[in-house]
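Observations on chain architecture
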Amino acid sequence: MSGLSRLEMEGCRSMLGLLDNEEIQALCDTVTNRLVQPADRQDAIHAILVYSQSVEELLKRRKVHREVIFKYLATQGLIIPPNTEKHNLIQHAKEYWKRQSQLKLKEAPELATKTEDIQLFQQQGKEDKKAEKVDFRRLGEEFCQWFFELLNSQNPFLGPPQDEWGPQHFWHDVKLRFHYNTSEQNVIDYHGAELVSLRLLSLVKEEFLFLNPNLESHGLKCASSPHGLVMVGVAGTVHRGNSCLGIFEQIFGLIRCPFVENTWKIKFINLRIVGESSIAPGTVLKPAVTFEQSDLEAFYNVISLCGNNEGRVNIRQPLESGTGDQSLGGGNESLVSKRELSLPNPVKH
């Protein structure tokens, strides 16, 4: 859902018009998690505007250059010192749009509200939406390529980040369940886009890990529900510098954004890391997802219960009487499967 008002959209549209086609496409990839395939330049600009959470988030993007904001303000008759820093230019633009909004409200009280703007874009999206069958295998591959490239690029040993990492890639109530091990089993839950984003960032930025996904047939599995939830299970190896520390398995729950076609955000993540020291001697590290597609579908069936406590208790019984390993899900995210991830002790931090 866009967080921009009508005037902010008009102003940002003018700014984006100053970027070349390659910059527009790259910005669209960043804002929409590279899961939107615009038909043309105008379609890409529309996706950027609708999917941006706020005007600050959009204008702070590296690809929206300081010079672009300065030129826009100049065309609006605002005289700003040429050496003004970008964050101050953004503030000038916001204040300008606020003044214009107040003037329009005085001249036309019936001016549409932000909610009406959102409904307009939603209606346009429905009219423009093409009937197509989503290739979830391809979606899973593209998502994993985008996610791990972006996350790994935050590792300071790999140079400057390629794009901006942050909570904008997650739904606000996202959940992360992180399984790892030092001398004993550890399972920690994180809630909220900000906290989940920071915890994942710390893996590469502070602990200097590099997660290398295996996107071959055994390393990636996807499933979808009739309600639009897409499950992506991926396996890979964990590295630090020239050392391979172990393997990981990760499950993503993705939900389509209703306002931009073929655009998805992360609803929950379950991550389990296995340290090399926990693997039996002589075992070849071959990362593979141990779930079958039916397991991922069952995973969805549990979270669709939405507060049915009795259903959750009954469903967990096969696990609790099975191997004794803790499931990747918890509460509403418990996993229905006797083939629970049999992962040993994860990497030490």
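Refer to the structure presented above.
These notes cover the structure that comes with them. (Residues numbered from 1 in each chain as written. Predicted model: local features only at pLDDT ≥ 70, side-chain atom pairs only at ≥ 80, totals over all residues. Heavy atoms only, no water.)

**Description of the pattern of salt bridges**
Here is the rule we go by: Just to be clear on terms, a salt bridge is a Lys or Arg side-chain nitrogen sitting within 4 Å of an Asp or Glu carboxyl oxygen. A 1.4 Å probe rolled over the protein chains alone gives each residue an accessible area, and that area as a share of the maximum for its type sets the label: buried under 20%, exposed over 50%, partly exposed in between.
Going through the model one piece at a time under the given rule, you end up with ten salt bridges. Note that Arg 66 is salt-bridged to Glu 67, the shortest N-O span being 3.9 Å. Residue class for Glu 67 comes out partly exposed when judged on its relative accessible area of 44%. Through salt bridges with shared partners, a single ionic network connects Glu 57, Arg 61 and Glu 164.

**Remarks on the pairing of strand S5 (residues 229–240)**
Rule in force here: Only runs of H or I of at least four residues qualify as helices and only runs of E of at least two qualify as strands under DSSP, and these elements are numbered from the N terminus. Any two strands between which DSSP finds at least two bridges are classified as paired.
Judged by how many residues are buried, S5 sits mostly within the fold: ten of twelve residues are covered. With five bridges joining them, strand S3 (residues 210–214) and S5 adopt antiparallel strand pairing. Note that in S5 the partner of Phe 210 across the bridge is His 239. The pairing of strand S4 (residues 220–224) with S5 spans five bridges and is antiparallel.

**Description of the packing of aromatic side chains**
Both the distance between ring centres and the angle between the ring planes are used here to describe each pair of aromatic rings. Where we set the bar: Pairing of aromatic rings covers Phe, Tyr and the six-membered ring of Trp, with a centre-to-centre limit of 6.5 Å; geometry is then stacked below 30 degrees between planes, edge-to-face above 60, and tilted otherwise.
With the rule as written, the count across this model stands at 13 aromatic pairs. With a centroid separation of 5.8 Å and an interplanar angle of 45°, the aromatic rings of Phe 143 and Trp 146 are classed as tilted. Of this pair, Phe 143 and Trp 146 are both found in helix H8 (residues 136–152), three residues apart, which corresponds to roughly one turn of the helix. Judged by relative accessible area, which is 4%, Trp 146 ranks as buried. Note on Phe 147 and Phe 148: the rings are 5.1 Å apart at their centroids and 85° apart in plane angle, and the pair reads as edge-to-face. No difference in accessibility class separates Phe 147 from Phe 148, as the two residues are buried. These aromatic residues form a ring-pair network of at least three members: Phe 143, Trp 146, Phe 147, Phe 148, Trp 165, Phe 170, Phe 248 and Phe 252.

**Some remarks on the packing of helix H1 (residues 6–16) against helix H3 (residues 41–51)**
Where we set the bar: Here an angle of 0 to 180 degrees is reported between the N-to-C directions of two axes, which are lines fitted to C-alpha atoms, with helices fitted over the stretch in contact. Any angle that falls under 35 degrees is termed roughly parallel, while one over 145 is termed roughly antiparallel, one within 65 to 115 roughly perpendicular, and all others oblique. Two helices crossing with the near one rotated counterclockwise from the far one by less than a right angle form a left-handed crossing, whereas a clockwise rotation gives a right-handed crossing. In what follows, a contact means two residues having at least one pair of non-hydrogen atoms within 4.5 Å.
Closest axis-to-axis distance for the H1/H3 pair is 10 Å, and the angle between their directions is 135°. The angle between the axes of H1 and H3 places the two elements in the oblique class. Here H1 runs over H3; the crossing is right-handed. When H1 is examined against H3, the residues Met 9, Cys 12, Arg 13 and Leu 16 are found in contact with a partner set consisting of Arg 41, Gln 42, Ile 45, Ile 48, Leu 49 and Val 50.

**Thoughts on the environment of Arg 61**
Relative to the helices and strands, Arg 61 is located in the loop between helix H4 (55–59) and helix H5 (66–75). For Arg 61, a relative accessible area of 2% gives the class buried. Counting along the chain gives 30 residues from Arg 61 to Val 31, while the straight-line C-alpha distance between them is 9.1 Å.

**Examining helix H2 (residues 21–31)**
Under the convention used in this document: We define a polar contact as two N or O atoms separated by no more than 3.5 Å, with the added condition that, inside protein, one atom must be a possible hydrogen donor and the other a possible acceptor, whereas residues neighbouring each other in sequence contribute only through side-chain atom pairs.
Of all the positions in H2, only Ile 24, Leu 27, Cys 28, Asp 29, Thr 30 and Val 31 are classed as buried. Packed against the buried residues of H2 are H1, H3 and H4. Here H2 starts with a cap whose side-chain oxygen sits 3.2 Å from the backbone nitrogen of Glu 22, and that cap is Asp 20. Downstream of H2 by a residue or two, Asn 33 has a phi angle that is positive, lying close to 65°.

**Here we look at the packing of H2 against H3**
Two elements in contact, H2 and H3, have axes whose closest approach is 9 Å; the angle formed by their N-to-C orientations is 35°. Here H2 and H3 pass one another in a crossing that is left-handed. Listed contacts from H3 to Asn 21, Ile 24, Leu 27, Cys 28 and Val 31 of H2 are Arg 41, Ala 44, Ile 45, Ala 47, Ile 48 and Tyr 51.

**Some remarks on the pairing of strand S6 (residues 243–256)**
The side chains of a regular strand alternate between both faces of the sheet. Across the 14 residues that make up S6, a large majority, ten, are buried. Two strands pair when backbone bridges link them, and S5 and S6 are joined in this way by twelve bridges, in the antiparallel orientation. Paired with Gly 236 across the strands is Phe 248, a residue of S6. Counting the residues in the hairpin turn of S5 and S6 gives two residues, including Gly 241, whose phi is positive at 60°. Inspection of the sheet shows S6 paired to strand S7 (residues 264–275) by eleven bridges, in the antiparallel sense. Bridging from a neighbouring strand, Ile 247 pairs with Val 274 of S7.

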